[in-house]
Amino acid sequence: MLLQDQVALVTGAGRGIGRAIALAFAREGARVAVTGRNKANLAQVVDDIASAGGCALAFSLDVTREEDAAAVSREIVDRWGRLDLLVNNAGVITYDVPVWQTTMEQWDYVMDTNLRGMHLVSRAVIPHMMRRNCGRIINIGSSSGRQVEGDNGAYNASKWGVVGYTASLAHSLRSHGIQVNGINPGWVDTDMAREYHPGGDPAWITPEQVAQAALYLAAHAPALMTGQLIDIFDP
């Protein structure tokens, strides 16, 4: 029970990577705030966690809305008295659109979730962590934040932004006892990936493998490890 009695907030937890991380954290004793926009998906994850003997609650959260981020973080602390872990997982993509052809609507759609949303939720959670002088933030990036791509331009740019945001946030929070790290997975076998490649690919990693990396950062990462990203892809 590596996370016994800790409280975790996971964004985009209704499916895919977020769901796997929520389940993994709950198995290790965390009380998990399962957040997202699809209430049916969130309810199913909470039921799955409860069936396995864990503790979770669903919270409706649109990460692009500042008032949502503030309200949900307060509600979690009011309910459980603390907030130890934040996993910024929510993300969207527009496929096969080079950056120079990206419309402003597509640009804002991707950036609002992948970067603005990450910042809004972090900013809402950090004061609660500061009061206890401890906490761990895990940002889910992508191999697209390490490798240059010609297509998926806005997504590519947003994930490079995640790398920079993670490093900057870590530097500014080091003196407050808050660690900030991240994970850059390659193709992961999720619904979102199969919308683009319906047949999948044997080389893809699983959401559970990403969850294992998140569990390492949540429970095992040395105190001086901050501002780092774990790359899980073929270079």
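Each remark here, short or long, concerns the structure printed above.
Rules used in this analysis
- Residues numbered from 1 in each chain as written.
- Predicted model: local features only at pLDDT ≥ 70, side-chain atom pairs only at ≥ 80, totals over all residues.
- Heavy atoms only, no water.
- Helix = DSSP H or I, 4+ residues; strand = E, 2+ residues; numbered from the N terminus.
- Rg over C-alpha atoms; globule rule 2.2 N^0.38 Å.
- Axes fitted to C-alpha atoms, helices over the stretch in contact; angles between N-to-C directions.
- Parallel < 35°, antiparallel > 145°, perpendicular 65-115°, else oblique.
- Left-handed = near helix turned anticlockwise from the far one by under 90°.
- Contact = heavy atoms within 4.5 Å.
- Expected span 1.5 Å × (residues − 1).
- Buried < 20%, exposed > 50% of the residue type's maximum accessible area, 1.4 Å probe, protein only.
- Arc of directions from axis to C-beta.
- Core = buried A, V, L, I, M, F, W, Y, C linked by side-chain atoms within 4.5 Å.
- Nonpolar A, V, L, I, M, F, W, Y, C, P; charged D, E, K, R; others polar.
- Pairing = 2+ DSSP bridges.

S.K.: Can you help me understand the overall build of the protein chain in this one?
M.R.: In terms of helices and strands, the protein chain carries seven helices and seven strands. Moving toward the C terminus, one meets the helices and strands of the protein chain in the order β-α-β-α-β-α-β-α-β-α-β-α-α-β. Taken over C-alpha atoms, the radius of gyration comes to 17 Å for the protein chain, in line with the 18 Å a tight globule of 235 residues would show. Taken along the three principal axes of its C-alpha coordinates, the protein chain extends 45 × 40 × 35 Å.

S.K.: Please clarify how the packing of helix 1 (residues 16-27) against helix 2 (residues 39-51) should be interpreted in this entry.
M.R.: Where helix 1 contacts helix 2, the axes come no closer than 10 Å and their chain directions differ by 25°. Here helix 2 runs roughly parallel to helix 1, going by the angle between their axes. In this structure, helix 1 meets helix 2 at a crossing whose hand is right-handed. Each of Arg-19, Ala-22, Leu-23 and Ala-26 in helix 1 lies in contact with helix 2, whose residues at this interface are Val-45, Asp-48 and Ile-49.

S.K.: Can you walk me through helix 3 (residues 66-80) in this structure?
M.R.: An α-helical segment advances 3.6 residues per turn. Residues three or four places apart therefore align on the same side. For helix 3, which comprises 15 residues, the first-to-last C-alpha distance of 22 Å matches the rise-based estimate of 21 Å (1.5 Å per residue) to within 8%. Among the residues of helix 3, those classed as buried are Asp-68, Ala-69, Val-72, Ser-73, Ile-76, Val-77 and Trp-80. Take helix 3 and look down its axis: the buried residues cluster within an arc of 155°, on one side only. On the buried face of helix 3, the contacting elements are strand 1 (7-10), strand 2 (31-36), strand 3 (55-60) and helix 4 (104-130). Note on helix 3: the residue one or two positions beyond its end, Gly-81, has a positive phi of about 85°.

S.K.: Just checking my understanding: could you explain the side chain of Arg-136 for this structure?
M.R.: Of note, Arg-136 is situated in strand 5 (residues 135-140). With residues up to four places along the chain from it excluded, the contact list for Arg-136 reads Asp-84, Leu-85, Leu-86, Met-129, Gln-179, Leu-217, Ala-218, Ala-219, His-220 and Ala-221.

S.K.: How should the nonpolar core be read in this particular structure?
M.R.: In this structure, Ile-21, Phe-25, Val-32, Val-34, Ile-49, Ile-138 and Ile-183 are the most contacted members of the largest nonpolar core, which totals 36 residues. The leading source of residues in this core is helix 1, at eight residues. Aside from chain neighbours lying at most four places away, what touches Ile-49 is Ala-22, Leu-23, Ala-26, Val-34, Gly-54, Cys-55 and Ala-56. Judged by nonpolar contacts, the second largest core, of 29 residues, contains Val-7, Ala-124, Val-162 and Leu-173.

S.K.: So what exactly am I meant to see when it comes to helix 2 here?
M.R.: For helix 2, built from 13 residues, the straight-helix expectation of 18 Å at 1.5 Å per residue is met to within 8% by its first-to-last C-alpha distance of 18 Å. For helix 2, the set of buried residues is Leu-42, Val-45, Val-46 and Ile-49. Take helix 2 and look down its axis: the buried residues cluster within an arc of 100°, on one side only. Along helix 2, exposed side chains directed more than 90 degrees from the buried face belong to Ala-40 and Ser-51. In this structure, the buried residues of helix 2 make contact with helix 1, strand 2 and strand 3. With its phi angle positive at about 90°, Gly-53 sits one or two positions after the end of helix 2.

S.K.: Hey, could you run me through the packing of helix 4 against helix 5 (residues 153-173) in this one?
M.R.: For any two helices packed against each other, one specifies the crossing angle of their axes together with the interaxial distance. Between helix 4 and helix 5, the shortest axis-to-axis distance is 9 Å and the interhelical angle comes to 15°. As judged from the angle between their axes, helix 4 and helix 5 are roughly parallel. The handedness of the crossing between helix 4 and helix 5 comes out as right-handed. Across the interface between the two elements, Trp-107, Val-110, Met-111, Asn-114, Leu-115, Met-118, His-119, Ser-122, Ile-126 and Met-130 from helix 4 touch Ala-154, Tyr-155, Ala-157, Ser-158, Lys-159, Gly-161, Val-162, Tyr-165, Leu-169 and Leu-173 from helix 5. Tallied by class, residues from the contact of helix 4 with helix 5 come to 14 nonpolar, five polar and one charged.

S.K.: Help me understand unusual backbone geometry, please; the structure alone is not making it clear to me.
M.R.: Of note, Asp-5 is a non-glycine position whose phi angle comes to about 70°, a positive value. Of note, Asp-5 is situated in the segment before strand 1. In this structure, Asn-133 is a non-glycine residue whose phi angle is positive, near 55°. Structurally, Asn-133 can be placed in the loop between helix 4 and strand 5.

S.K.: Looking at this structure, I do not really get the sheet that holds strand 2. What am I missing?
M.R.: Within a sheet, adjacent strands bond to each other through the backbone by hydrogen bonds, running parallel or antiparallel. On the basis of which strands lie adjacent, the open sheet formed by seven strands has the order 3-2-1-4-5-6-7 and parallel pairing. The open sheet has two edge strands, strand 3 and strand 7 (229-232), and neither has a second partner. Between one strand axis and the next, the sheet turns by 15° as a mean value, whatever way the strands run. Two elements, strand 5 and strand 6 (residues 178-185), share six bridges in a ladder whose sense is parallel. Bridging across to strand 6, Arg-136 finds its partner in Gln-179.

Note that every value here comes from positions in space, so none of it alone points to a role or purpose.
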